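Here is what each chain is made of, one letter per residue.
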Amino acid sequence: MIRAVPAVEEGHAPPPLLVLDGVEKSFGPNQVLKNVSFTVHPGEVIGLLGENGAGKSTLMNIVSGALRPSGGQISYDGATHELGSITEGIEAGISFVHQELSIVGSLSVAENLFLGRLPRNRLGLVDFAAIRSASRAMLDGIGADWIRPERLAGSLRAGEQQLVEIARAAARKPRLLILDEPTSSLTPHEVASFLAYVRRVRSEGTAIIFITHRLEEAMEICDRLLVLRNGQIVSDLPPGRTSRAQIIRDMTGKQSLFEYQPRAVPVSAPALLLSDVSDRDHLRDISLEVRRGEVFGLFGLVGAGRTELLETICGARRLRAGRMELMGQRHAPVDPAHALRDGVALVPEGRKTAGILPQHSVRRNASAAALRSMAHGPLVATAIEAQRTGAEFKALGVRMESDRQPITTLSGGNQQKVIFARALLAQPRLLLLDEPTHGVDIGAKAELYEIVRRTADEGLTVIVASSELPEINALCDRVAVLSKGRLAGILERDKMDDATLLRLAFSGHEE
Ligand SMILES: Nc1ncnc2c1ncn2[C@@H]1O[C@H](COP(=O)(O)OP(=O)(O)O)[C@@H](O)[C@H]1O
Ligand SMILES: [Mg+2]
């Protein structure tokens, strides 16, 4: 049996004012809007967001009747509408404040407000008194009470000119008001009065679509945020159901490299197991498990014992009590070379002091830990060395002129990549990173984060010690917090908020 679908849903929602269904637009071969569908109800404030060139202005030009769509349906106020021109749009109650100002600088504010429709008195003369008082009311209506109608429009600041345009559109008492970046040139005070106006007319049933790049503002005032990317709607959500970060991802189609990217860490036997590990002077009874393929964080304040723990794992520091296991085997390295043979590589903190071999070339700095595998009898096989390091440099995006140049001639970020290359060329099973992006610029930092993620995705287990919360947050699937040489806690990804991390880091410090 077929049931009739009720035409009006419960709650007596008003019928929509505007419905776009599969709207398309092409300029020649360039398709600028693809299958755009959304609905606007009376009194709704919609924020239209998107990067430059996403198609926002084109879409609003179509809604206002300035452009014809190449396909799809638009229904306005219950009827399928073919708005052929802006005038028809205005007659239908649609006002559009464009991105480009159309103020005539040589005319007064009042003349601009009445451009093309100056009221005349019975004698057919322009009624300037009427214009002035009506202008005052129009400006006051949007909270721009300080702008005098007699001012020369050209003498106003850009934000004030914008307000004059808004006043002109608002005075038509539109049912749908479209604003293309209305607040981009407004001062905070002007933004506040504009937003007050939006709230007021919304409560009177005016629907508003406004294009903006200011996310905070959009999230504050809008009922829904519509994100357009490459001519397509990618999300249409109330602010409470999205977030700043999500909107940026929707707009750009990219995940920020400085944000955590969820990873599936396979459940398996642990890569590294520490049981009650203590050293002579710093570490006390540390027990933890690091899973294979995991990016495991070590967070703590200066002196918490992060570096000491990494040194213990890589054989640079003596274990006094407790036990370590690597891939199910007892792990008791006598020195770093031993640990390296067992598959543990360290990228130490402080490139300058511990990492680089300053008198050597870029190539030799990278091959240093793997020379044995590149040897041919007693000699280094130069061709193999060049080929293997070259492949790694390419994978890591090391920028240099030649791999024979001294490492000290590279930028900090590139030096750090070379040290990464050295660790990776040793083909470790466990990679230890101590403050891996300390002192590198932001671009190199993003690249290093990508390298860490990719390395872990390829199955390597990574431990990242960092004193930077954003770094821990961006990279780690789990984190152990150390405080004064003891384990203060281990947090799963979903419990890793800054407050908890800091509380644990400071635990044991209150005296
Ligand atoms: N009149 C036009 N003729 C040809 N291409 C256009 C025209 N108007 C816009 N475009 C193109 O359409 C795309 C979207 O532009 P636009 O709607 O202005 O984006 P947005 O307002 O989101 O920055 C851009 O690639 C732009 O070059
Ligand atoms: Mg635009």
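Quick notes on the rules
- Residues numbered from 1 in each chain as written.
- Chains lettered and ligands numbered in written order.
- Predicted model: local features only at pLDDT ≥ 70, side-chain atom pairs only at ≥ 80, totals over all residues.
- Heavy atoms only, no water.
- Domains from an automatic or database assignment.
- Near = heavy atom within 4 Å.
- Polar contact = N/O pair within 3.5 Å; in protein donor to acceptor, adjacent residues only side chain to side chain.
- Areas by Shrake-Rupley, 256 points an atom, 1.4 Å probe, with all protein chains shown as cover.
- Helix = DSSP H or I, 4+ residues; strand = E, 2+ residues; numbered from the N terminus.
- Nonpolar A, V, L, I, M, F, W, Y, C, P; charged D, E, K, R; others polar.
- Pairing = 2+ DSSP bridges.
- Axes fitted to C-alpha atoms, helices over the stretch in contact; angles between N-to-C directions.
- Contact = heavy atoms within 4.5 Å.
- Parallel < 35°, antiparallel > 145°, perpendicular 65-115°, else oblique.

Student: Mind showing me how you'd approach the domain arrangement of the chain here?
Tutor: Splitting the chain by domain gives domain 1 (18-252), domain 2 (258-343 + 428-511) and domain 3 (361-424). The straight-line distance from the C-alpha centre of domain 1 to that of domain 2 is 52 Å.

Student: Can you help me understand the site of ligand 1 in this one?
Tutor: Residues in close proximity to ligand 1 include Phe27, Val32, Glu51, Asn52, Gly53, Ala54, Gly55, Lys56, Ser57 and Thr58, which together make up its full environment. Backbone polar atom of Ala54 to an oxygen atom of ligand 1: 3.2 Å apart, as the coordinates give it. Considered on its own, ligand 1 offers 560 Å² of accessible surface; in the complex 57% of this is hidden by protein. For the shell around ligand 1, the element with the most residues is helix 1 (residues 56-64), which contributes three residues. Grouping the amino acids of the shell around ligand 1 by side-chain chemistry returns three nonpolar, five polar and two charged.

Student: Which parts of the structure should I look at to understand the sheet that holds strand 20 (residues 461-466)?
Tutor: Two modes of strand pairing occur in sheets, parallel and antiparallel, and in both the strands are linked by backbone hydrogen bonds. The six strands are arranged 16-19-20-13-21-22 in an open sheet whose pairing can be described as mixed. The open sheet has two edge strands, strand 16 (344-347) and strand 22 (486-492), and neither has a second partner. Mean inter-strand twist for the sheet, computed between neighbouring axes without regard to direction, equals 20°. Docked against the sheet, helix 9 (residues 306-313) engages strand 13 (295-299), strand 16, strand 19 (430-434), strand 20 and strand 21 (478-483), running at close to 150° with respect to strand 19.

Student: I'm lost on the packing of helix 5 (residues 158-171) against helix 6 (residues 188-203) in this one. Help?
Tutor: Relative orientation and spacing of two packed helices are given, respectively, by the angle between their axes and the distance between those axes. Taken N-terminus to C-terminus, the directions of helix 5 and helix 6 make an angle of 10°; their axes are 11 Å apart at the nearest point. Compared by their axis directions, helix 5 and helix 6 come out roughly parallel. Contact with helix 5, carried on its side by Gly159, Glu160, Leu163, Ile166 and Ala170, involves Glu190, Phe194 and Tyr197 of helix 6 and no other residues of that element. Per-class residue counts for the contact of helix 5 with helix 6 are five nonpolar, one polar and two charged.

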